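Next come the chains, spelled out residue by residue.
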Amino acid sequence: MLDIKNLHVHFTTHQGATVEVLKGISLTIEDGESVAVMGANGSGKTTFARCLNGLLLPTQGEVLVDGLSTQDSEQLQEIRRRFGMVFQNPENQIVSVTVEREIAFGLENLAVPHDEMHAIVDEMLRKFNLESYRDHPPHLLSGGEMQRLALAAIMAMRPRTLVFDEPTSLLDSATRSLVLELVGELQQEAAAKAPMTAIFITQIPEEALHFDRLIVLSEGAVLVDDTPATAFSRVDEMQQAGVPVPVEFAMKRHLEDTSGDKSVFDVSDFHEWLRRRAP
Amino acid sequence: MQILIENLSFAYESFGVKADPVLKNVNLTISEGEAVAIVGLSGSGKTTLMHHLTALLKPDAGHVMVNGQDLQSPQVKLSEIRRRIGIVFQFPETQLFADTVFDDVAFGPRNLDLPASAVEHRVNKALAHVGLEIEKFGGRSPFSLSDGEKRRTAIAGVLALEPECLALDEPTAGLDLDGVRAVSRLLTRYHSSGKTVIVVSHNLEWVCSVVDRVVVLEQGQIRFDGSVETLFAAAEFLPKVGLAMPRVLQLFAFLREDQTAARPTAPSADDIKQMLAFQHLDGAAGRRQNDRKSISLQPSLLQNRPVDEK
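Below: a short report on this structure. In this text the structure is predicted, and so the values were computed from the model without any measurement.

About the criteria used
Residues numbered from 1 in each chain as written. Chains lettered and ligands numbered in written order. Predicted model: local features only at pLDDT ≥ 70, side-chain atom pairs only at ≥ 80, totals over all residues. Heavy atoms only, no water. Contact = heavy atoms within 4.5 Å. Buried area = accessible area lost by both parts, 1.4 Å probe. Salt bridge = Lys/Arg side-chain N within 4 Å of Asp/Glu carboxyl O. Helix = DSSP H or I, 4+ residues; strand = E, 2+ residues; numbered from the N terminus. Core = buried A, V, L, I, M, F, W, Y, C linked by side-chain atoms within 4.5 Å. Buried < 20%, exposed > 50% of the residue type's maximum accessible area, 1.4 Å probe, protein only. Expected span 1.5 Å × (residues − 1). Phe/Tyr/Trp six-rings, centres within 6.5 Å; stacked < 30°, edge-to-face > 60°. Lys NZ or Arg CZ within 6 Å of the ring centre and 35° of its normal. 1 Å grid on protein atoms, 1.4 Å probe; cavity = no way out; pocket = protein on both sides within 12 Å on 5 of 7 lines; lining within 4 Å. Points joined across faces, edges and corners; volume = space filled by probe spheres on them. Nonpolar A, V, L, I, M, F, W, Y, C, P; charged D, E, K, R; others polar. Pairing = 2+ DSSP bridges. Axes fitted to C-alpha atoms, helices over the stretch in contact; angles between N-to-C directions.

1. Concerning the interface of chain B and chain A
Point 1. Opposite the 51 residues of chain B that make contact, chain A presents 56 residues.
Point 2. Summed over both partners, the interface of chain B with chain A buries about 4400 Å², with 60% contributed by carbon and sulfur atoms.
Point 3. Linking chain B with chain A are 1 salt bridge, by the criterion used here.
Point 4. The partner of B:R247 in a salt bridge is A:E248, with the nearest N and O atoms 2.7 Å apart.
Point 5. Of all the secondary structure elements, the ones that give two or more residues to the side of chain B that touches chain A are β2 (13-14), α6 (147-159), α10 (247-257), α11 (269-280), α12 (282-288) and α13 (299-302) of chain B.
Point 6. With 9 residues, α10(B) is the single largest residue contributor to the side of chain B that touches chain A.

Written out as structure tokens, the structure is:
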């Protein structure tokens, strides 16, 4: 369980000014939850994510991971072991000389037995459609392929908590859905043994709809913490915070506005319709 | 400026071995003043195609001609071509380096040996294009900016070379609503000044709100090349090339089927573009200023709405 208590983070710029990036965030994320995080650039999403596993430490307040404080340096290694992070620019986190070895890298460090490691690498190559690139040097992959590789390498380790910081910014919508399905699959597989938590930062509102809970940050504070559908129905508030909403919420709002009728259509009917038509 | 791509094929090489071709016999003409999107799955060859525009990669077969000049000809001055076609790479903000926004944007023009006054003029103009006021941003460190501002600063650095053609690779990746809106505006502004704009993007819906023509790549081959209107009308082919049907089109289809809903008539391409703009550009801006008149989507949408029985 993640317990975030009155989390403040301040940075000092090199001109000496203090910037308050997070201004008192308090929330709890239970094991096995699937949470999307949205917010404008500069709202504190990435800072928030980096506080979760102690990459950044609170200026004030605390972050407890299963009761362990990120400020306790003795526990930091144990805390980090429980997290897998995927960042926005995949080039920043790829270390190996081939695609296959990149996926194996984390598993090797976790001392996963050889046969099992091979099986997991094969599975990830297949799931992320990277089989034909097995022996490719990662730097020759396209941006989107590299993003898939970064995801595969982290998800292969099956960490207790997955934290994604806009990991799909270079992916087309079909591949994005695939990534989200895989996250769901991993969570389900894990549920029987130890529940896996997924925290997914995104700018793409349709992605947030796949999660049970949506936290919207605005200027370093929690603006909304609700189900995605409820959050997105507050169209004006979301757009004012610089957060886009899926087109159906914008359309509903617009039609209601122009017709004065509050029942033009039900967004959940559209979602049901999409599910029925999904291949 | 006219760009003519003829029978272009290309494969990357790794340790002396050619991999599978990334581009296969691509033919494409882009005329002066066009705004063209190149869309496709990751790995479909979008970025590779863009890198051929300024001979950052050399074709294995075929030609890239700019204003009738073959880029492989020894007479072509590539430095000149690269000034006239400005490429904005993926995550261009990672290339910011100077102490101030002004110096970063001025780097290109200074290298053209322009006098200081001309450099300043160009920096002013470029920053105005991307919507960053020079008084407010010029003296700031690029590293103190938000992600969207960084992206715009990097784009301004390319604009300061005053290219006739601006080619951008995934310019909205990772940007928030404000950032996307700012990029949309600068593209529209640059295009309306008569310049050619080429946008590589996986985000079909966004890109349709800023260009007139869409080229769809699949596994290195062109599967579609036509207007946004034609693309919307023929959208059923998109899933066949691995692209998702734009959500806005699905929404219109749902509304047509749903008996209880508004039942709009078939939306015109203009309705769709407006809805996308509403989502991505003018809508939010309009809302913020409380000016809803900027959206005139409505009439054709609600025409067939059943009359309420009272």
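2. Focus on the nonpolar core
Point 1. Judged by nonpolar contacts, the single largest core of 116 residues is most densely connected at A:M155 and B:L187.
Point 2. Beyond its immediate stretch of four places on either side in the chain, B:L187 contacts B:L166, B:L168, B:V197, B:V199, B:W206 and B:V210.
Point 3. In terms of nonpolar packing, the next biggest core, distinct from the first, is built from 29 residues, B:L8, B:L28, B:M50 and B:I87 among them.

3. Description of helix α5 (residues 143-155) of chain A
Point 1. In this model, α5(A) (13 residues) spans 18 Å end to end at C-alpha, consistent with the 18 Å of a helix rising 1.5 Å per residue.
Point 2. The element α5(A) is extensively covered by neighbouring structure, given that 13 of its 13 residues are classed as buried.

4. Here's the deal with the packing of aromatic side chains
Point 1. Evaluation of the coordinates by the stated rule reveals 10 aromatic pairs over all chains.
Point 2. Measuring from centroid to centroid gives 5.1 Å for A:F200 and A:F211, while their planes differ by 35°, and the two rings are tilted. Taken as a pair, A:F200 in strand β8 (residues 197-201) and A:F211 in the loop between α7 (205-208) and β9 (213-218) lie far apart in primary sequence, 11 residues in all. Neither A:F200 nor A:F211 differs from the other in exposure class; each is buried.
Point 3. An aromatic cluster is defined as three or more aromatic residues linked by ring pairs; in this entry it consists of A:F265, A:F270, A:W273 and B:F254.
Point 4. Here the guanidinium or amino end of A:K252 rests over the ring plane of A:F265, the centre of that ring lying 5.9 Å away.
Point 5. Above the face of the B:F10 ring, B:K18 is positioned so that its terminal group lies 5.7 Å from the ring centre.

5. Re the environment of B:P163
All names here are of chain B.
Point 1. By the element assignment, P163 lies in the loop between α6 and β9 (165-169).
Point 2. When the C-alpha positions of P163 and I81 are compared, they lie 9.2 Å apart, and in sequence the two are 82 residues distant.
Point 3. Filtering out sequence-adjacent residues up to four positions away, P163 remains in contact with R83, R84, I85, G86, V158, Y190 and K195.

6. Focus on empty space enclosed by the protein
Point 1. Throughout the structure, instances matching the rule amount to 2 cavities of 30 Å³ or more.
Point 2. Counted as a void, the largest cavity has a volume near 90 Å³.
Point 3. As for the largest cavity, its lining consists of A:M1, A:L2, A:I29, A:E30, A:D31, A:V65, A:D66, A:R82, A:R160, A:T161, A:P195 and A:T197.
Point 4. Taken together, the residues that form the lining of the largest cavity break down as 5 nonpolar, 2 polar and 5 charged.
Point 5. If you add up the space inside the second largest cavity, you get close to 40 Å³.
Point 6. Lining of the second largest cavity is provided by B:H52, B:A55, B:L57, B:P59, B:V64, B:D70, B:L71 and B:Q72.
Point 7. Of the residues belonging to the lining of the second largest cavity, the class tally is 5 nonpolar, 2 polar and 1 charged.

7. Details of the sheet that holds strand β10 (residues 221-226) of chain A
Residue and element names in this part refer to chain A.
Point 1. Read across the sheet, 6 strands follow the order β6-β7-β8-β3-β9-β10 without closing on themselves; strand pairing throughout is mixed. One side of each edge strand has no neighbouring strand; the edge strands of this open sheet are β6 (83-86) and β10. Averaged over all pairs of adjacent strands, the angle between strand axes in this sheet comes to 15°, irrespective of strand direction.
Point 2. Examined bridge by bridge, β6 and strand β7 (residues 161-165) share 4 bridges and lie parallel to one another. Each bridged residue has a counterpart across the sheet, and for M85 the counterpart in β7 is V163.
Point 3. Its contacts with the sheet put α5 on β6 and β7, and the angle it makes with β6 is roughly 180°.

8. A short note on unusual backbone geometry
Residues and elements named next belong to chain A.
Point 1. Although it is not a glycine, A111 sits at a positive phi angle of roughly 60°.
Point 2. With respect to the helices and strands, A111 occurs in the loop between α3 (99-109) and α4 (114-127).
Point 3. If you check the backbone angles, E219 has positive phi at about 50° while not being a glycine.
Point 4. Residue E219 is classed as exposed on the basis of its relative accessible area of 61%.

All we've got here are geometric facts, nothing functional implied.
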